Amino acid sequence: MSPLLSGQGLSKAFGIQTLFSGIDIVLHKGDHVGLIGPNGSGKSTLLRILAGLMEADSGRVFLPKNTRVGFLAQEDTFNENHSIIDNLLAGLAQIPHAEVEALSRAHTLVSRAEFPNPDCPVNQLSGGWRKRLAICRALIGHPDILLMDEPTNHLDIEGILWLEKLLASRLPESPSAFFMVSHDRRFLENTVNRVIELSAVFPDGSLQTRGVYSDFMVKRKEFLEQQQALESRLANKMRRETEWLRRGPKARSTKAKYRIDAAGDLAEKLEKTKTRNRANGQVQIDFAATGRKTKKLLTAHEISKGFDGRILFNDLDLILTNGSRLGLLGGNGCGKSTLMQLLAHADDQSEVFRPDNGTITTADAVRIVSFDQRRQQLDPEQTLKRALAPDGDSIMYQDRSVHVVTWAKRFLFRPDQLETPVARLSGGEQARILIARLMRQPADILLLDEPTNDLDIPSLNVLEESLLEFPGALVLVTHDRFLLEKICDRVLGFDGRGRTRFFADYTQWLDWLRQGTEPGKSSLKNNKPHNKAKRKTEKLSYMDQREYDTIEEKILPLEERLEELQNLLADPEIVADHDRVNQYWTEQQQLQTEVEQLYDRWQELESILEPDHGKK
């Protein structure tokens with residue numbers, strides 16, 4: 001079967017930096033290919049070369065005559081004042097079609113994308129709807145091959161599921177093959193049948209395997225383990241050859257000269273293998289906590305917020321404690337980012353950051369640190385060096401001074417990049433700057449609004465591990481389902497009509513949206529864990545009030561002992577003593593049960609209090 005597209009020996013460099021070299025790509029009908037790799041490896045560049053939008057330094061791209069190629073760029077460009085339909089029709093401007101057929105294609109795609117109003121001007125669309133429009137525009141020419149650069153960027157989970165369904169369908173506008181750059185691991189798992197990684201860790205600059213993303217990761221791990229084993233074998237052989245050379249054999253026979261030459265080749269091969277194995281660098285992410293012992297950090301009581309007569313959420317209760325892992329789910333514009341802003345400015349008394357109704361109270365001197373998906377904190381004219389170290393050549397991290405070069409290397413920046421303006425850095429590099437800033441701020445509560453945008457997969461893996469180790473409270477807005485599943489122990493779902501509810505995972509939230517909700521179940525408190533008493537308006541009895549006033553004092557020493565037991569159980573000397581391990585473990589389980597019961601009782605008492613009675 002003839003290929004739909006092929007690239008042979010493709011290479012590209014910018015200045016002295018080689019992105020990739022000698023890459024071969026072949027696409028046949030039915031190929032669904034995902035391209036991954038670290039930031040800066042040249043993924044978007046390779047995609048543009050295949051699309052004919054950029055020339056390779058060497059190699060060729062072969063495209064059979066009359067093969068149609070659709071291209072979806074990361075950034076969308078539209079005629080902002082024109083309607084959705086007009087922008088779609090503009091995608092057919094270079095292809096001769098009868099007006100009736102063009103309109104039929106445009107309206108079909110508008111229907112497939114579920115646009116509520118095809119005559120809406122593009123400048124009124126949210127980021128997610130703009131991305132849907134860009135995907136439809138790439139498909140309107142009925143391409144044989146669809147090339148996509150980060151197609152899930154700006155899409156919410158419903159939008160991603162829509163795209164997955166579209167790519168799996170056999171509609172007239174569906175491409176025969178697609179090739180995409182993506183960091184969305186769940187999306188890759190659900191859509192591709194082949195994965196290619198561009199990386200300097202591979203001898204040929206890339207690794208290509210058949211199968212879904214999880215199949216690729218198994219084969220990748222096997223390959224890297226083989227590379228490490230190869231380095232070990234080469235190093236052992238090199239030591240033996242070095243010892244032989246040091247003995248200085250007197251007989252300069254042909255055999256001896258051959259062995260000397262072979263030792264030189266061996267040394268070169270070992271050095272190349274070492275270089276490749278060391279190229280598998282990872283961002284070093286470690287969020288700092290304040291060490292606060294108070295477990296209850298923030299309480300939102302029956303809060304509501306709306307704009308221009310539209311309610312985003314209503315009568316919402318929320319408690320954040322140390323160890324909380326909460327994900328926020330909902331369509332674009334449903335109120336997730338608004339809630340994050342209210343939480344981030346819980347101590348701000350200005351009108352714009354206050355809920356319309358209800359109260360938000362925090363523990364004394366609580367530290368709240370936020371990551372804003374809009375990245376407005378970055379000055380595009382500022383150099384990388386100043387963005388990382390605003391006050392000099394070093395920064396303070398965990399009470400010690402770190403030189404900016406060392407700090408930059410931790411986030412995979414090269415020393416020669418330090419004078420580069422932020423505007424010239426990639427989206428992934430800008431995201432790493434913001435994460436570097438977060439790490440310098442000790443936090444009790446982390447509020448992360450789409451932190452995964454533009455991060456490569458190795459960085460996502462490290463981010464996950466760091467978030468799992470963070471001892472404070474975490475509130476996360478993300479469309480990355482893989483991250484949600486791994487990090488969050490519960491999610492707060494929005495329905496876009498002012499209703500919210502707790503769920504165990506995003507699939508329950510999707511079911512809720514599809515089925516609708518019953519009257520009276522629009523508030524989080526109807527589904528709140530540990531809520532054992534209905535909210536009442538009366539005050540506590542004298543004995544209950546005394547219990548409420550002293551319950552936190554009872555919890556603190558128990559939690560301190562739990563932390564002490566955890567340290568003891570990690571001590572190698574104690575681990576070797578079976579009787580002591582059993583004693584400490586039994587005590588730990590008993591204390592954990594007691595602490596949980598106290599927290600349950602605390603929340604039960606608070607559920608009886610009137611709103612103003614539970615303020616700190």
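Keep in mind the model is a prediction, meaning the values are calculated, not measured. (Residues numbered from 1 in each chain as written. Predicted model: local features only at pLDDT ≥ 70, side-chain atom pairs only at ≥ 80, totals over all residues. Heavy atoms only, no water.)

1. Brief notes about the overall build of the protein chain
In terms of regular secondary structure, the protein chain is built from 18 helices and 20 strands. Within the protein chain, contacts between residues separated by at least 24 positions form 71% of all contacts whose residues are at least 6 apart in sequence. On the protein chain, roughly 30,500 Å² of surface is accessible, and the fraction owed to carbon and sulfur atoms is 48%. (Helix = DSSP H or I, 4+ residues; strand = E, 2+ residues; numbered from the N terminus. Contact = heavy atoms within 4.5 Å. Areas by Shrake-Rupley, 256 points an atom, 1.4 Å probe, with all protein chains shown as cover.)

2. Structural notes on the pattern of salt bridges
Under the criterion given, the structure shown has 24 salt bridges. Between arginine 185 and aspartate 480 there is a salt bridge, and its shortest N-O distance comes to 3.3 Å. You can see arginine 185 sitting in helix H6 (residues 185-191) and its partner aspartate 480 sitting in the loop between strand E18 (473-477) and helix H14 (481-487), a full 295 residues away along the chain. Taking relative accessible area as the criterion, arginine 185 reaches 1% and is therefore assigned buried. The exposure class assigned to aspartate 480 is buried, which follows from its relative accessible area of 3%. When the shortest N-O distance is used, the salt bridge between arginine 186 and glutamate 485 registers 2.6 Å. Here glutamate 485 lies in helix H14 and arginine 186 lies in helix H6, a separation of 299 residues in the sequence. Taking relative accessible area as the criterion, glutamate 485 reaches 41% and is therefore assigned partly exposed. The network of salt bridges with common partners includes Arg185, Glu464, Glu465, Asp480 and Lys486. (Salt bridge = Lys/Arg side-chain N within 4 Å of Asp/Glu carboxyl O. Buried < 20%, exposed > 50% of the residue type's maximum accessible area, 1.4 Å probe, protein only.)

3. Side note on the nonpolar core
In this structure, Phe287, Leu388, Trp407 and Ile433 are the most contacted members of the largest nonpolar core, which totals 50 residues. Top element by residues in this core is helix H12 (residues 427-439). It accounts for seven residues. Met148, Trp162, Val192 and Val195 belong to the second-largest nonpolar core, a separate cluster that totals 44 residues. (Core = buried A, V, L, I, M, F, W, Y, C linked by side-chain atoms within 4.5 Å.)

4. Things to note about helix H3 (residues 99-112)
End to end, H3 covers 20 Å across 14 residues, agreeing with the expected 20 Å (1.5 Å per residue, within 8%). Residues of H3 that are buried include every one of Ala102, Arg105, Ala106, Leu109 and Val110, and no others. Looking straight down H3, one finds its buried side chains confined to an arc of 130°; they lie on one side. Counted as exposed and oriented over 90 degrees from the buried face of H3: Val100 and Ser111. In this structure, the buried side of H3 is in contact with helix H2 (84-90) and helix H4 (127-139). Positive backbone phi, approximately 65°, marks glutamate 114, located one or two places after H3. (Expected span 1.5 Å × (residues − 1). Arc of directions from axis to C-beta.)

5. So, the sheet that holds strand E1 (residues 5-14)
If you trace the three strands from one edge of the open sheet to the other, you get E2-E1-E4, paired in antiparallel fashion. Of all strands in the sheet, those bounded by a partner on one side alone are strand E2 (17-27) and strand E4 (58-62). The sheet shows a mean angle of 20° between the axes of neighbouring strands, taken without regard to direction. In the sheet, E1 pairs with E4 via four bridges, with the strands oriented antiparallel. Within E4, the position partnered with serine 6 by the bridge is phenylalanine 62. (Pairing = 2+ DSSP bridges. Axes fitted to C-alpha atoms, helices over the stretch in contact; angles between N-to-C directions.)

6. Considerations on the packing of H4 against helix H5 (residues 157-168)
Where H4 meets H5, the closest approach of the two axes is 11 Å, and the angle between their N-to-C directions is 15°. By the angle between their axes, H4 is roughly parallel relative to H5. As H4 runs across H5, the sense of the crossing is right-handed. Within the contact between the two elements, H4 uses Arg132, Ile135 and Leu139 and H5 uses Glu158, Gly159, Trp162, Leu163 and Leu166. In terms of residue class, the contact of H4 with H5 is made up of five nonpolar, one polar and two charged. (Parallel < 35°, antiparallel > 145°, perpendicular 65-115°, else oblique. Left-handed = near helix turned anticlockwise from the far one by under 90°. Nonpolar A, V, L, I, M, F, W, Y, C, P; charged D, E, K, R; others polar.)

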